[in-house]
Structures are given as C-alpha cells and as structure tokens.
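# An overview of the molecular structure
Given next are the chains, with one letter for each unit.
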Protein chains: 4
Amino acid sequence: MDLSKRALQLKEEYPSVKKVALSYSGGLDSSVAGRLLSKAGFEVLPVAVDIGQRSDFARIVSNAKSLLGDCRAADMREIFAQSAQRAIKSNFGSDGNLNSGGISRPALAAALAKEAREAGCQAIAHGSSGIGNEHLVMENALRTIAPEMRIMAIVRDLDLRRDDALAFAAKEKLPTNLLRAKGFSADENLWGRAIRQGFAIDPSAPIPEKAYKWTVSPQAAPPKMASVEVEFSGGAPVDATINGKRVSGAAAIFLALNETGGRHGVGRADALEDKAVGLKSREAYECPAAMILLAAHRQLESLTLTTRELEAKAQSDALWARLVREGGWYTRLRRSLDAFTDELERPVEGSVSLELYRGSIIVRGRKSRRALYDSRLSSRDSKGVFSQKEARQFAKLYGLQDVMAYMVDSD
Amino acid sequence: MDLSKRALQLKEEYPSVKKVALSYSGGLDSSVAGRLLSKAGFEVLPVAVDIGQRSDFARIVSNAKSLLGDCRAADMREIFAQSAQRAIKSNFGSDGNLNSGGISRPALAAALAKEAREAGCQAIAHGSSGIGNEHLVMENALRTIAPEMRIMAIVRDLDLRRDDALAFAAKEKLPTNLLRAKGFSADENLWGRAIRQGFAIDPSAPIPEKAYKWTVSPQAAPPKMASVEVEFSGGAPVDATINGKRVSGAAAIFLALNETGGRHGVGRADALEDKAVGLKSREAYECPAAMILLAAHRQLESLTLTTRELEAKAQSDALWARLVREGGWYTRLRRSLDAFTDELERPVEGSVSLELYRGSIIVRGRKSRRALYDSRLSSRDSKGVFSQKEARQFAKLYGLQDVMAYMVDSD
Amino acid sequence: MDLSKRALQLKEEYPSVKKVALSYSGGLDSSVAGRLLSKAGFEVLPVAVDIGQRSDFARIVSNAKSLLGDCRAADMREIFAQSAQRAIKSNFGSDGNLNSGGISRPALAAALAKEAREAGCQAIAHGSSGIGNEHLVMENALRTIAPEMRIMAIVRDLDLRRDDALAFAAKEKLPTNLLRAKGFSADENLWGRAIRQGFAIDPSAPIPEKAYKWTVSPQAAPPKMASVEVEFSGGAPVDATINGKRVSGAAAIFLALNETGGRHGVGRADALEDKAVGLKSREAYECPAAMILLAAHRQLESLTLTTRELEAKAQSDALWARLVREGGWYTRLRRSLDAFTDELERPVEGSVSLELYRGSIIVRGRKSRRALYDSRLSSRDSKGVFSQKEARQFAKLYGLQDVMAYMVDSD
Amino acid sequence: MDLSKRALQLKEEYPSVKKVALSYSGGLDSSVAGRLLSKAGFEVLPVAVDIGQRSDFARIVSNAKSLLGDCRAADMREIFAQSAQRAIKSNFGSDGNLNSGGISRPALAAALAKEAREAGCQAIAHGSSGIGNEHLVMENALRTIAPEMRIMAIVRDLDLRRDDALAFAAKEKLPTNLLRAKGFSADENLWGRAIRQGFAIDPSAPIPEKAYKWTVSPQAAPPKMASVEVEFSGGAPVDATINGKRVSGAAAIFLALNETGGRHGVGRADALEDKAVGLKSREAYECPAAMILLAAHRQLESLTLTTRELEAKAQSDALWARLVREGGWYTRLRRSLDAFTDELERPVEGSVSLELYRGSIIVRGRKSRRALYDSRLSSRDSKGVFSQKEARQFAKLYGLQDVMAYMVDSD
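Everything numeric here is computed off the predicted structure, so don't read it as measured data.

The rules we used
Residues numbered from 1 in each chain as written. Chains lettered and ligands numbered in written order. Predicted model: local features only at pLDDT ≥ 70, side-chain atom pairs only at ≥ 80, totals over all residues. Heavy atoms only, no water. Contact = heavy atoms within 4.5 Å. Salt bridge = Lys/Arg side-chain N within 4 Å of Asp/Glu carboxyl O. Polar contact = N/O pair within 3.5 Å; in protein donor to acceptor, adjacent residues only side chain to side chain. Pairing = 2+ DSSP bridges. Helix = DSSP H or I, 4+ residues; strand = E, 2+ residues; numbered from the N terminus. Axes fitted to C-alpha atoms, helices over the stretch in contact; angles between N-to-C directions. Least-squares fit on C-alpha atoms with pLDDT ≥ 70 in both. Buried < 20%, exposed > 50% of the residue type's maximum accessible area, 1.4 Å probe, protein only. Right-handed = clockwise from strand over helix to strand, strands pointing away. pLDDT = per-residue confidence, 0-100. Buried area = accessible area lost by both parts, 1.4 Å probe. Nonpolar A, V, L, I, M, F, W, Y, C, P; charged D, E, K, R; others polar. Expected span 1.5 Å × (residues − 1). Parallel < 35°, antiparallel > 145°, perpendicular 65-115°, else oblique. Left-handed = near helix turned anticlockwise from the far one by under 90°.

The interface of chain C with chain D comprises 92 residues on the first partner and 92 residues on the second. On inspection of chain C and its partner chain D, the count reaches 4 salt bridges. Inspection of the chain C/chain D interface yields 17 residue pairs in polar contact (both at pLDDT 80 or more).

As structure tokens, then:
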C-alpha cells in the first residue's frame, strides 16, 4: 500500500489528535515521518534534542525548519551526561553490550514531553523501528512521564521499510543528503556511536572500515600513546587529565575522551545483542569515552570495595543494565538500585592512570585514600599485622564441609 | 628462631611421617623446603610436574636430583589442557581474574598423590604461602583425593619469609640461580604466567616492563597483525589456524597461542584480586592464549545461545569461577556445574576469526550452523517471517506493570 | 459480534485446515470450542488426557463423544508423575507459586501432538485464555514438538467471555452440568487443584469455603494426626508410608498424599501471582501432596548438601521455576538445569518423617546415610574432631576486610 | 587442665587489661565466665541487656549483682525492635533459618561498647562458643564499633565445655538454678526463642515437647482461632489488631504476637542450619511474631511490587540475610542494601488479615491503596482496559527464540 495512504490511516486512528510533537534526529526516518504526518493533516512540531551527537546540531535544526516550518531545540547534554555518569557507576556496558538506547531515549522522552506540553500537542511521534529495544524504551518512558499524550511509532506501526522511505524521500524532494544515507544509519550521543544496517547481513564478515566515523583503526593511530588520568568521587568520574590537560565535569570528560580515544583507535566493538522481543541483532559501536571510563572505574572499585561488596555490586549492576536496556529508566526499581549504588560507591574515590595506544586501553596504576589494599597485609614478608601462620587454622576449617561431603559420597 | 630449628619441630609434629613427597617447582621456596625437610630427618622425594610451564623442565628435574638425590617427573600437560579447555567453556577469567591456581593446583595434587602413594610416602609437602588461595586449593584437593596423607605447608606453617629463604639458600650453597630470584616470582603453566612480588608495594605504580617474559609490550610488537581462527565444538576450542597454520588439540592450541599472542603484545593484565581469607592481592599476568580463546568463545556463545541461556550461563560461570578459585575442583558441585555446561554448550560450535595487533584482540567475524541470528528476522526490511508491526502489541503489554506502578505511586 | 460468526472467521483464517485435534477437558470452554469448530465446518477430534484429575475421566470421554461424535483418551499419568517428581527435586512451588500449568501443559501438548498426527489433523485447538501463562506454555510446547501443526487458541483469539460461552451453551443445549459451572473453574492434575474465577474480584476477601473440593478446612479435620514418612532417592520421592501403609512410585505417592493430606486440611494456598504478560492474578490452590513432598525434600537437602551446594541449588531452582512457568519445558536450558540437578541431588537420599494435623505439616525428623551433619562436630562438648578453639584464628581472619573497610571509611 | 588455671592464662595474655565488661545473660556460661574472670584478677562489670527476653530481667540483674558485686542494665528493646522490623522488611527468616543472632548480637555489642567505655574498661568479654555464628557476629560488631577494646571469648578461647562449666558452678556454689540448666540452653529476644543442646544428638528424632516454652503444641491449642490484622507502612509493621485489640509500635507488636501466636501453637520450627565455619547445626525455634509478620509482609509485597521488583528484592533479601547472619550488621553493604529496600518498599503499605489456628497461619486477605492487582485487567471478562486478543501477538513473539533454538538444534 502506498505510504501516503498508510499515513492517512493515522488520522483515522487518532481522531482527537491535532498537533504532534515529532522526535527529530535529522535522519531519513524522522524526515519522512514528519512529511507523512503533515500530509496526513496533523500539525507537526519537530523537536531536536542535543545529547552530545557530533553531527552539526544547528544544521539539524535548520533542516527541520525548512522541512516542517518550525523546530524546537532542547539542550539535554548536561542532564544526559549525568545519566551517562550514573551508567559508569553501574558498570553499564562492561558486559560488552554498549547500546545506549536505555539511557538516551529517556532523556529524549523528557525533552519531548516538555516541548509537547508547552506547545499544546496531543501526541508524540517517534521513529524507532519495532526491531530493537528503542521503541520499548521510548514508549515506556513516555507512558510514565507523559501519560496524557498519545504515542505514534511511525516506522513500526506503518511498517516503514528503508527502501520505501528512500523512494518517498526522493519523490517528495526531501534534502538530498538523506538520499545518500544508504549504507549505514547511526545513533550518536555522549556515550558513543551505534552503527547499524548494511553490514548486518553476515555476522561472519568484518565490519567495513567505512562504517566508523569517530575512531581510526588501530593501524592508523599515531605511534605516540596518550596518557589519561581519571579522578572519581563516589564512583563517578569528575575530572580527567588527558595528555596533561585537565577537563572537569561529566559532559566535558565524555567529549574529550571520545575525541582523544577515537584518535588512538580506542572504543570499537562488534557485538551480537539480544533484544527484548527475543531477536538477536548485530551492532557495531564506537564508544571511546565509555570504554576508558568503565576500565578506570572497575580498577578503582577493585581497590576500594570488599569482596562481598563487589559480589553484591555485580548482581545489582546486572539488574540495572537489564532494567535500563529494557525500558525501566523511570521506575522505582531503578531508583532503588541507584540508592544502593550511591551508598555503596561512597568510598570509590581516587584516581586511575591509563595509556591509550593503537586501540588498547592499558591500566598503569590506581590510588585512593580509601584503598582496602594494604601491602603489609598481602605480603608474606610483612611483620606484625598478619602472620601467614594464622592462615593454617583458617585452612583447616575452610574445606571442612567439602571433605565431609567427599567422604560420605561413594557414588 | 633459626630456620633449621623450626624445621626440626616438623619432625615432632609429624612423628609418624618418614617419607615426604615434595611438590618441586624449581624455585627458591621448593628448594629451601626440600633442604629443610632433609635436615629435619625426613626422606624427601621431590616431584616435578609438567603442566606447560615454559621454563626448562629437564633442568628443573636435574636440579632436584642434584639437590635431593632423586626426582619423579610427571607429565600432566594433556590432563591440565583439558581442565584449561573446560575453563574456557566456563568463561573462567573473563571477569578479569586470570589466576589459574584453582585449575593448576588440582592437577599438581593429582600427580603428587599418585607419586606419593607409589613411593610409600606418608605425607605431601608443598610450598604455597598463606597469603593467596593456592594453599587452600592444594590442601582441599589433597584432603579429598589423598585423605590418608598428612599435608605439610612448609612456607605457611614455618612462616618462611623471602629474605630468610634467600639467606638460608646462600648459607646452604643452594644453586646460585635461586639467589638471583630476588625481583619476581612467577607461576607458569599452559593457562599463562602469574607474576608476583617486588612491584606489589604500590598499586599506583605501573608493573615494570622487566616483570614480563612471555609478552612484548604493544609498542615492541611487529606492525603486521596476526590472523587467528578458532574452531569450537561443544563450547571447547578444538582447532586453531594461526597465520594460516593449523594446530589441533587443547594443549597445542594453548602453546601456539601463548607464543603468537605474546609476540604481538597480547595477554597482559594488571589486577587487584580478592583472596579467600579476605585480603586483596595485586597480581600481574601474561595469558595470551587464555585471553584470545575467551574472547572467541564469548562471541560464539552470543551467536548460538538464547537470551535466557546466556543469563543462566552467566550465573553458572560465576559460581564455577568462585568455586574453583576457592578450592572446589574435586567437589560434586563442580561436577554438577559441568553437567549443566556440557548440556548447554552443545550448540556452541563453529568458528571465530580474530586479529592480534599490538596488544589488541580484534574480533572479525563468527559463524555457526547453529546460529540463532537470522538476518531476515533482525532487519526491518525483511519480508514474511517477522513484521515489525507485530511488535506493537508486544510493546503495549510490555510495560503494563511499570505503568500501573507509576500510576499508583504518588510519592 | 455473534459467536458463530466469529467462529466462521476461523475457517477463513485457516483455509488449509480440515481436521482439528481439540484439547478437551470436559469444561465449559472446551465444550463450546468444540461446538464452534464444528459449526465453522472443521472436522473436530476431541482428545481427553488423563493427568490425574480427580473428576470422573470416563464421563469426560463419554461427554465428548456425545457432543462431538468421537474422542481419543490418552493416559499420561505416569509420564506426568515423572514431571511432578522432577518438580519436587527442583523445589518448584516452594516460593509459594504452586501453579502447575508449566508442567501439565507440556504433557497435554505431547499427547495432543501424538493424537493429532495419528488422526491426520492439520491443527490443534486449545481453550486457554490470554490471561494466564497457560496459553504461552501450551503454544511454546506445540510450536517445538509439533511445528507442522497450526495452533488455534479459541478462547483467546475469539475473545470468548464466560457469559457469552454460557449463553452459547444454553442456546446449543450443551450438557446441563456446564451451565451450573458459574462459580468456579478449576484445573486438576496429580500436582493439585487450581481454582479461579468468581472470588477473584477482591483480594482482601477470603477464598470462600465452597471453592475447595480436595481439602477440608483445618477446623473440619479429624483430631487425630496422620503420620507420613517419605523416602527419597536422588532427590526424588520414591516411597511413602502413610499411617503405616506403604505406597510406591511417583503417581501413587501423589494420589495417596493428595487424599490423606486433603482429609487433614493440608495443602491450601491463596496467592497473588505474576504472569508473563505483566499482570497479577489471584489464585487459590489445593496441593496436599506437593506441599508435603516439598517440605520433606527441603529437609533432606538441608541434611545432605553443603552450604555452597544449597546456595547454587537455590539459584538453579529459581531459574527452573521461572523457565518452566513461562513455557520453557521443551528447551535445552531445562535439560541443562536438570543435568545440574540430577548430579547434585545424588546424595539426597534417606527419609523424612512428618505429621499432618489440622492444616499443619510438622517435620519430626530426617535421616540419611549421606548426612553431612555430625553431632560430634556441632557440639562444643565434642572431643577430638573439632575444637572450638580452632575457631579463634578463623574468627580473626574472618572479618578482616570488613574491619579494614570500616577503618578507612570516615563518612 | 583446671579451669581456674586456664583463666589465669587470660591474665597473661591480656596484661594491659584491668577492667572487663562482661556480656551477662544470666545463664550458666556467663555466670561461670564472670567468676573465672574475677578469680583471674580482672575487675568485672557485668552488663545485662534487655532485648525482649521473656525471662525475669530484674532477677538477671540481681543475680549478677550478688555474683559479681555490680551490674549495669541496658534497655535496648526499642532499638532492637527497629532491627527486627527491618528484618521483616527484608524477609529475614522466610528461607527457614530463623536464627536471630545476626540481629541481636549487634544490639548487645552496642550496649556493651557504651557501658564498657563509660566504666573505663579495656576489654569486653562474651560467652559465645566457637560453634555457631554468634561469636563471629559479636566480634565483628565489637571490632568495628569498639576497636579500642580487647575482646575475650571466654567459652571459645578456654574451650569451656558444658560439663566442666557445671562442675565449676557446683564447686563455686553459683546460684542453684544454673545447675538445673542441664537439658536445654536458649537464646531469647523479641524475635523469638532459639533452643539448643541435648536434643541435638540425632536429627531423626523429634524435638521433645519440653524444649518449648513460648508455644503450646497445635494439639494443645484452643479450638477458637485468633484473628490478626497487621498494618504496614513502607514495608514495616506499624500496627496490629489482635482479636480486636489494637497494639502499635514495633516492640509492642512483637511482644503481643509472640504471646497470642504461642497460645495458638504458632511459631515452631525445627531446622538444620549451615554455619560460617562450614558446619551444620540443628536448631529449634519458637518465633510466633516473626513468622506471622513474615507471612503478612510477603502477601503485601505480592500485591504492591512489580514482577521485576519482586525478583530484585529476592536477590537483595538473600544477600541481606547471609550478610547479617555472618556478622555484617555494621557494614556499608548492609546500609546499601537497606537503602535499596527502603526505596523499593515505599509502596508496601496496607493491611493483611490472618487467622491463627492450632499451629497454622492462614491468610484471609490483603488490601492496599497501592495495589498493582486490578481485577478488571486479570479477568477475561473485563471490558476495555485489556483484551485477551492482544495477548496473541505477544504469544507469537514470546517464544520466538526458543523455537529458533529448537529448529537449529538437531542433537
């Protein structure tokens, strides 16, 4: 069925909606969605949200204006940087799944809800497809923080395929740069760049070099390494010194490390991920800052937290990651896990020094006034505090039950 | 108190012991332990076990003979390689703790028990200190598989400090290479090389370059990358093709990847670890083969296991790692977790291709006839099998409970 | 829309289906479903499966024959009893959720698939609604073990409400006992009796006494207690002695304990459960045998498994319960968890004695030749094996890290 | 060796200690410990702490005075009641292990530390043996909150056996009621009564009726049931109505429910528990209040928390229980878990009604203005909010991955 006709059905499905706030990223889908909504007779207000994408944000806004007559621009960089900082505290992504949809979409939703209300909209439209988790995250967020708004998932609900979108854009003479977007689509923010499409066909084939934009290949990186020192307070990165230059504040640290890391070939990942609907999806990432900060953070945790704390944190982190990935940002459970983490991470303060070299993040050292590591205790040559002879009775009791089990166990 | 006098107390403590099998590694501690036991009046049988250390094994044996008059040599490489393969199946070490004591000491214990029995010993002596987990692992293993043997932990129970050991070795004119072993002590086997001592004083200082023996620094690695393809069956690595050359069998794969990986600067780690007695310990590792195989194995798991299976496996892997590290090799629980893993990993077959470049392990692709990834399903442009429109109802039900919770929750 | 018309749409939706095997329970829904399918023009083969329901099974079969002209009867009692035994091994239900749909529907599905194939059907129809997990469990089972069959969820897909079903039954002059089924619907099998409907309206109101059929109220139970001794092998109940009378085999034990337990007021539960779609549902149960066996089984586990084993088992049991409840019976993950449990439960053998008294299950004692409890070890008055003085060094090392953490922690 | 001589060794071991605060429970061990410390030349200050034991507290204090010349009495009932309330919030004990040492010893330690400091003591002595976890809990608590105090574990470190203690008490003419304490020793507080000794020899034998003091047997309970309604706020019990009589506040609720529950035969348990040193121990309990409140609390959680929240809480509760049992009361991890629970339990408010009848706790109903249960949603006959037809697409996507796994899986 013709796309324009499908769009008209939207008008029937949402009779009470007059004005729609549209999440506008500047890409093909949101441009097509905007035009379709217009043609269907809705008043469309595109909303462009700055969450640290490296594309030319001003151009996105001006594109939206030329396309749809108006555009609201919202700067969520500092707010999103706080979410990203919290993600570092929770070791989000250290399991290899660096997808930031779970933390970025709630920030988009918050901005959309605010603009939609101020402009008197009755609905919010977004362009996430039905494949990944993004539509679940976006809609769960909107349903909780803007329950009075109707939600239109243009791509998913109209089953908008990429070739149909391209054909429609050509026919409608939408800006030509969209027509060139054949190879890859990407999702950018402070946390990193997620790349999709095109290469997804065969997981046995390598990601093509041209898919990457933020990072050079390790081979193309300079022979001189970069030195990075990150300072943490309460488990969150608060300062960084990069090749001797100091940057402060979450947003600035992410921006600077994305730049330096990318120049040294650091931050690439190629993964198969499990989505909430039960499908696997191949994703490629460039997340220099996130990867550097995650490596540093874990080092500091291993220095300042007890064994039991590390084990409990591993469970809590796993719950946090899964919850957030599957749309739980605005839940009491997330707040509860954060309350746990905030209390537990209070001693996670100090600094970690690293080197970036041709794709590698190399830990050099870590220090903290809250360190639980005491070299006097952990050397057999120490005097006074701990004698290894004391370990003898410990050893005797230690395996008691296993030995008993072995004895009664004749099978 | 004088070391020789302390050794004499052993004779009093173990009156019924005449002959002792001594775990002999060729290092300072086991040489000193052997001499002390001799001086105390025990008949000492050194046992040297080959588990893939790269040192000159023949020389270890001849040293033992010159020092103590006799030596039994046991080749446990194939058996230990099976343990290492099983460790890869269980993603052992992928949490950053690459310590192999939990898998290597049980292999040593098995060889020691066999030789001790054949030679009519009443006791087994080992040189693990009371600091790490090794003494717990070794003793738990011996108490279950050789309950009739007394166990002597020479270093721990005599509180043998390193400087005392060096002084004793000098006085007793033990081989001069031991006297040079001032800087570092290392524990080597197929799984990798663990380095201790000397640098442990300050976790904020980097590991000195001279501590490494198996790996070059990333900067010193050749500009040409190595290509590696690993083939898995039932989750275990069974073949590898390294720069076009094929090697088969677990032991050969570990040996070859340790060599190639080390040449490309791959495999180093610098970690703070938690020991069973509640102390943290700083450890440095060189584990090229283990790191490469772990990276490859996780890729194949992500291609062939369902979401639920991956989650259950993560829990089981964490239990396995902790159990094995803390001395549980010879337990029913380990066998039970293995039974789980063996069944679950049956579809984990196929191959993963990687590149090694100046310290980095880069995943290129993975394939399997058991892949759960279907590019037709995971693209919004697919036709027939899955329509993204179907995700709409899913999305509606998906967040239902969270939205209800938000509504009734006015705090 | 008229029910008969809705049924006709089925004919359009499934043009290639001529003959349908219908899961026939004898209740209102399956009777209405059968008549609707007939009227829609399908050839209908009702299949009645005996899994230990206490209703008159022969009458169910004869009802089906009079209603639909034919009926296949399948006896799955022994096979289902093995599933129930396995559920006991996995402590299924000890978290308070006694719903047996996850274990009973796969048994139904297996019988349906077999009968449908033998009779040359192209589809299998069932009457589970879209509210609980039963439709997910049934369909997941059928999609894996009978992928060639189309699946019709009559109640769910036609949105068949209870009052419409009653009206249709009256109009069609279906057997009058169905018309009386206004108050409660129940799901019966060896595991127990699940009661729904009617009382569900207000969770603050008690379950009405008339909802229960298998159990008397504690007040109505006899003043003389029943004595029960259950014998386990490999974690599974294999024999039971009830008031001195011995019964053997899983099916017989469940039947006998359901009878005796019910007579003593044992086995009732009133719970709010979480379903896979994200809804809560109030359920009442009568599961005398399951509750008695679960209590006995946990006692024997506590006697024969080590601390670590009990902790690992708790995790595995939680995974098993959730997986099975949500439709994972025919998965590799279930088989993998079973492999774990089968190995771990080998020492869980011995007997447990209990008393049933007016609703209470009272544990009297447990014994096993594999007991890990040694009264000599666990008394401070024991001599020789363990001295409590040894616990002093243990205590010293035990809290070491917590004390360090407290010291460096000034907040 | 003679007890008095062993005691004199204490004086040698603790040369700088002049005055010792002694944890005085009024039992055999603490009386013997007091006399031994006196004879060894220490100045002894007995401290008796009221945490809700039902014994005559005034008599304990006067006994101590007559025995040792002085006694400090500390009333910790309200503070301990808050700990007990927190334990209910964390479902502590719902796994069957009702031991309250982990919550009672920290309260004792707090009182001891305060009194010891005020009286200028250099040491604190307690009478926990080396068998259970109590000595670990007590010492971990004291080491963190009173690091300047030396700790003397009289029973454990002198290896004080029960018969030696009885003989010493007879010789020293200690109060005669101690000499009668041959059968059982018990540990009492608001949470309940833990019984040990004597019956521990054979886990296959039932607990003798005379071991119980707070509860009658179910058979001896009155035929008229008691009705109880408990009101919760933020997950904590704040009010209770017992047979129409209202009591408020944590301490009062525990006291009243212990009394009423005990009268109706409610609260007994017979368990095998795993201790931190790796031993199993048989314990009997009478905990009427704890059991009633735990049952009520879980009902309210199931009504007001989402599925994910319940799952996360189960993990957190398990960590809390293990941590607290093993001595972690005064840790950051406990505070962190509490922060999680406090936030998560905010909606757990409302009331639960129950009946107590001859040993059984019967749930009648639960209600909350924060209920997530909506009878309109969970019935197939509801109109509007949720249609079961929507569950069809859900079901289709639901099992997708399992079906794929089954298809590619030929083994």
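Bringing the sheet that holds strand β3 (residues 72-75) of chain A into the picture now. Residues and elements named next belong to chain A. Pairing within the open sheet is parallel, and its 5 strands lie in the order β3-β2-β1-β4-β5. With one partner strand each, in any of the chains shown, β3 and β5 (150-153) form the two edges of the open sheet. Between one strand axis and the next, the sheet turns by 25 degrees as a mean value, whatever way the strands run. In this structure, strand β2 (residues 43-50) lies alongside β3, joined through 4 bridges in parallel fashion. Bridge assignment links Val 49 to a residue of β3, and that residue is Ala 74. Relative to the sheet, helix α3 (residues 57-68) contacts β1 (19-23), β2 and β3, its axis offset from that of β2 by approximately 175 degrees. With respect to the sheet, helix α5 (residues 101-118) is in contact with β1, β2, β3 and β4 (123-126), its orientation differing from that of β2 by roughly 140 degrees.

Another point: the relation of the copies chain B and chain A. Once chain B has been moved 0.0 Å along the axis and rotated by 180 degrees, it coincides with chain A to within an RMSD of 0.0 Å. Put plainly, the chains are arranged around a two-fold axis. For chain B, the smallest separation between a C-alpha atom and the rotation axis is recorded for B:Ser360, amounting to 2.9 Å. The share of interface residues of chain B whose copies in chain A are also at the interface is 99%, consistent with both copies meeting through the same surface.

Let's shift gears to the pairing of strand β2 (residues 43-50) of chain C. Note on strand geometry: in a regular strand, side chains alternate between the two faces of the sheet. Residue and element names in this part refer to chain C. For β2, a buried count of 7 out of 8 residues is recorded, marking the element as mostly surrounded by other parts of the structure. Where strand β1 (residues 19-23) and β2 come together, 5 bridges link them in parallel fashion. When the sheet's bridge partners are listed, Leu 22 is paired in β2 with Pro 46. Read from β1 through helix α2 (residues 28-39) to β2, the crossover connection turns out right-handed. Between the parallel elements β2 and strand β3 (residues 72-75), the chain passes through helix α3 (residues 57-68) in a crossover that is right-handed.

Residue and element names in this part refer to chain C. Read from one edge of the open sheet, 5 strands run β3-β2-β1-β4-β5, paired in parallel fashion. Each edge of the open sheet is held by one strand with a lone partner, namely β3 and β5 (150-153). Between one strand and the next, the sheet's axes are offset by a mean angle of 25 degrees, whatever the strand orientation. Against the sheet, α3 makes contact with β1, β2 and β3, and its axis sits at roughly 175 degrees relative to β2, the strand it touches most. Contacts from helix α5 (residues 101-118) reach β1, β2, β3 and β4 (123-126) within the one sheet, and its direction differs from that of β2 by about 140 degrees.

Before going further, it helps to spend a moment on the confidence of the model for chain A. Residues with a pLDDT of 70 or more make up 93% of chain A, whose mean pLDDT is 90. Predicted complex, confidence summary: ipTM 0.93, pTM 0.95.

Locating D:Pro347 in the fold gives a position in the loop between α13 (332-344) and β13 (350-357). We classify D:Pro347 as buried; its relative accessible area is 6%. Along the sequence, D:Pro347 and D:Leu8 sit 339 residues apart, while their C-alpha atoms lie 58 Å from each other. Discounting chain neighbours no more than four positions away, the residues touching D:Pro347 are A:Arg332, D:Thr304, D:Leu305, D:Ser368 and D:Arg370.

A few words on the interface of chain B and chain A. Between chain B and chain A, the contact holds 93 residues from the first and 92 residues from the second. Of the roughly 8,500 Å² buried between chain B and chain A on both sides combined, carbon and sulfur atoms contribute 50%. For the pair chain B and chain A, the interface holds 4 salt bridges. Measuring nitrogen to oxygen at the nearest pair gives 2.9 Å for the salt bridge that ties A:Arg322 to B:Glu311. Connecting chain B to chain A are 17 residue pairs in polar contact (both at pLDDT 80 or more). The residue inventory of the side of chain B that touches chain A, partitioned by class, reads 38 nonpolar, 23 polar and 32 charged.

Laying chain C over chain D is done by rotating through 180 degrees and shifting 0.0 Å along the axis; what remains is an RMSD of 0.0 Å. A share of 100% of the interface residues of chain C reappears at the interface of chain D, consistent with the copies meeting face to face through the same patch.

All names here are of chain A. Between its terminal C-alpha atoms α5 stretches 25 Å, which fits the 26 Å expected from 18 residues at 1.5 Å a residue. Counting buried residues along α5, 14 of its 18 residues qualify, which places the element largely inside the surrounding structure. Of the residues trailing α5, Gly 120 is marked for its positive phi of about 70 degrees.

Our next topic: the pattern of salt bridges. Residues and elements named next belong to chain A. Summed over the entire model, instances satisfying the criterion amount to 164 salt bridges over all chains. Across the salt bridge formed by Glu 209 and Arg 268, the nearest N and O atoms sit 2.6 Å from each other. Within this pair, whereas Glu 209 is found in the loop between β7 (192-196) and β8 (226-233), its partner Arg 268 is found in strand β11 (residues 268-274), the two being separated by 59 residues in sequence. Residue classification places Glu 209 among the partly exposed residues on the basis of a relative accessible area of 43%. Within the structure, one salt-bridge network assembled from shared partners comprises Arg 86, Lys 89, Arg 334, Asp 338 and Asp 342.

Another point: the pairing of strand β14 (residues 360-367) of chain D. Residues and elements named next belong to chain D. As paired strands, β13 and β14 are joined by 7 bridges and run antiparallel to one another. Its bridge partner lying in β14, Tyr 357 is registered against Ser 360. Connecting the antiparallel pair β13 and β14 is a turn made up of 2 residues, with Arg 358 showing a positive phi of about 45 degrees.

With that out of the way, let us pick up the packing of helix α4 (residues 77-89) of chain B against helix α5 (residues 101-118) of chain B. All names here are of chain B. It is the contact of α4 with α5, at a shortest axis distance of 10 Å, that shows an interaxial angle of 155 degrees. As summarised for this structure, α4 and α5 are arranged roughly antiparallel, according to the angle between their axes. The interaxial crossing formed by α4 with α5 has right-handed handedness. Along the contact surface, α4 presents Phe 80, Ala 84 and Ala 87, while α5 presents Ile 103, Ser 104 and Ala 107. For the contact of α4 with α5, the class distribution of residues is 5 nonpolar, 1 polar and no charged.

Quick look at unusual backbone geometry now. All names here are of chain A. Positive phi, close to 45 degrees, is recorded for Arg 358, a residue that is not glycine. Along the chain, the position of Arg 358 falls in the loop between β13 (350-357) and β14 (360-367). Overall, the relative accessible area of 10% leaves Arg 358 in the buried class.

Let's shift gears to helix α12 (residues 307-325) of chain A. Since the α-helix turns once every 3.6 residues, residues separated by three or four places project in the same direction. Residue and element names in this part refer to chain A. In this model, α12 (19 residues) spans 27 Å end to end at C-alpha, consistent with the 27 Å of a helix rising 1.5 Å per residue. Within α12 the residues assigned to the buried category are Glu 309, Ala 312, Lys 313, Ser 316, Asp 317, Trp 320, Ala 321, Leu 323, Val 324 and Arg 325. A positive backbone phi angle near 100 degrees is found at Gly 327, which sits one or two residues after α12.

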